[in-house]
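Okay, here's what each chain looks like letter by letter:
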Amino acid sequence: MPKVFITRRIAPEAIALMSQHAEIDVWEQEKTPPRKEFARRLTDADGMVLWGQDEVGGELMDAAPRLKVIANIGVGYNNIDVEAAAKRGIRVSNTPGVVTDATADLAIGLMIAIARRVVEMANLVPKGGWNMWGPMEMLGMEVSGKTLGIIGMGRIGTAVAKRAKGFDMKVLYYSRRRCPVEDALGVEYAPDLPTLLRKSDFVSIHVPLNKETRHLIGAKELSYMKPTGILVNTARGAVVDQKALYQALKTKQIWGAALDVTEEEPIPLDDPILKLDNVVIVPHIGTQTLETGIKMSMLAVQNVVAVLKGEPMPTCVNCHLIGKGQAR
């Protein structure tokens, strides 16, 4: 039987499906396998199910002469050298769609958490900081009725827009392509990024990380935001210049930020942004729900099974780069 290396524990349902088509080798530990161990386990692997935090470049691919497919668990796949894979005839897939609801839920949750100072206030309770606040003390801001600016109106951006409508928010968006269902969603297109930033009370980021989007939000862009503006990032950390964000938060240039992602993950404990009260940071939990874990695991395995059976992959991201007859 073909052999498949799985770099983290995945859903039992997905393991059961994979076992019907291949001999499986699962790395049971929570941290990424050491590079030598990674390479050793790939030596005779035909396929790999890869957790999105594990990096794979050409060197590891060369250690796996039989490797035909890398199924990444995650929407983003910047942890894989996709072009290097294509040159070696290795197909790469991701898991879009199934992460939409979980990530959109978290974006709204973070929006509320920072606006209502939920984490800051919760941390006061065990310290004896519970007081009967006066009407103008320890004030947060309401979410309902405000303007939400969405950067990137893909699946997740659209899902966030739908949820925002439940809070009677006005939704603006800026994206490479105009949304074909603007009227149905009740959203308004911003002609450029500065316009969106100037008009929005909340800004939520939903773009992939690539050369064009790295540091898309920097000091200049933050200067366009309202002093009461709040930035939410559940996309990729490097879309935001974190040093510029720190300065904007420290000087109260903007009101607050809520991040599921940071430029360096895990974020160093000595990073000064962690000392600020007007930021909420959670450890990249956008897809960490039971339902999404199962769906992502199943879709990744389905991509591997498709390649092993010589069938089209559900979500291949580099098949167009692989010439006819070049795939392993």
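Structure shown above.
As a starting point, this report considers the structure included with it. (Residues numbered from 1 in each chain as written. Predicted model: local features only at pLDDT ≥ 70, side-chain atom pairs only at ≥ 80, totals over all residues. Heavy atoms only, no water.)

1. Looking at helix H1 (residues 12-19)
Part 1 of the reasoning: Among all positions of H1, only Ala14, Leu17 and Met18 are buried. Around the axis of H1, the buried residues are gathered within 95° of arc, so they sit on the same side.
Part 2 of the reasoning: Contacts from the buried residues of H1 go to strand E1 (3-6), strand E2 (23-26) and helix H12 (290-308). (Buried < 20%, exposed > 50% of the residue type's maximum accessible area, 1.4 Å probe, protein only. Helix = DSSP H or I, 4+ residues; strand = E, 2+ residues; numbered from the N terminus. Arc of directions from axis to C-beta. Contact = heavy atoms within 4.5 Å.)

2. Overview of the nonpolar core
Part 1 of the reasoning: Val49, Met111, Leu148, Ile150, Val160, Phe202 and Val301 are the most contacted members of the largest nonpolar core, which has 51 residues in total.
Part 2 of the reasoning: Considering each element in turn, this core owes the most residues, 8 residues, to helix H5 (residues 100-115).
Part 3 of the reasoning: Setting aside residues no more than four positions away along its own chain, Val301 makes contact with Ile10, Ala14, Leu17, Met18 and Val49.
Part 4 of the reasoning: Core analysis: the next-biggest nonpolar cluster, separate from the first, contains 30 residues, Leu193, Ile205, Val239 and Leu245 among them. (Core = buried A, V, L, I, M, F, W, Y, C linked by side-chain atoms within 4.5 Å.)

3. Things to note about the packing of H5 against helix H7 (residues 155-165)
Part 1 of the reasoning: Packing of H5 against H7 brings their axes to within 9 Å, and their N-to-C directions diverge by 50°. What the angle tells us is that H5 and H7 run oblique. For the pair H5 and H7, the crossing hand works out as right-handed. Each of Thr100, Asp101, Thr103, Ala104, Asp105, Ala107 and Ile108 in H5 lies in contact with H7, whose residues at this interface are Arg155, Ile156, Ala159, Val160, Arg163 and Ala164.
Part 2 of the reasoning: The class makeup of the residues in the contact of H5 with H7 is 7 nonpolar, 2 polar and 4 charged. (Axes fitted to C-alpha atoms, helices over the stretch in contact; angles between N-to-C directions. Parallel < 35°, antiparallel > 145°, perpendicular 65-115°, else oblique. Left-handed = near helix turned anticlockwise from the far one by under 90°. Nonpolar A, V, L, I, M, F, W, Y, C, P; charged D, E, K, R; others polar.)

4. Some remarks on the environment of His21
Part 1 of the reasoning: Along the chain, His21 falls in the loop between H1 and E2.
Part 2 of the reasoning: Its relative accessible area of 24% is what places His21 among the partly exposed residues.
Part 3 of the reasoning: Those residues in contact with His21 that sit more than four places away from it in its chain are Met1, Pro2, Val305, Leu308 and Lys309.

5. Some remarks on the sheet that holds strand E12 (residues 279-281)
Part 1 of the reasoning: Spatial ordering of the open sheet is given by E8-E7-E6-E9-E10-E11-E12, a layout of 7 strands whose pairing is parallel. Of all the strands in the sheet, just strand E8 (187-189) and E12 have a single pairing partner and so form its edges. Each neighbouring strand pair of the sheet contributes to a mean axis angle of 20°, computed without reference to strand direction.
Part 2 of the reasoning: By the bridge criterion, 5 bridges tie strand E6 (residues 147-151) to strand E7 (residues 170-174) in an arrangement that is parallel. (Pairing = 2+ DSSP bridges.)

6. Quick look at the sheet that holds strand E4 (residues 69-73)
Part 1 of the reasoning: Taken in spatial order, the 5 strands of this open sheet run E2-E1-E3-E4-E5, and their pairing is parallel. Across the chains shown, the open sheet's two edge strands, defined by having one partner strand only, are E2 and strand E5 (91-93). Taken over all neighbouring pairs, the strand axes of this sheet differ in orientation by 15° on average, direction set aside.
Part 2 of the reasoning: Pairing of E1 with strand E3 (residues 47-51) involves 3 bridges; the strand directions are parallel. Directly across from Val4, in E3, lies its bridge partner Gly47.
Part 3 of the reasoning: Helix H2 (residues 35-42) contacts E1, E2 and E3 of the sheet and is inclined by roughly 160° relative to E1.
Part 4 of the reasoning: Sitting on the sheet, H12 touches E1, E3, E4 and E5, and the angle it makes with E4 is about 170°.

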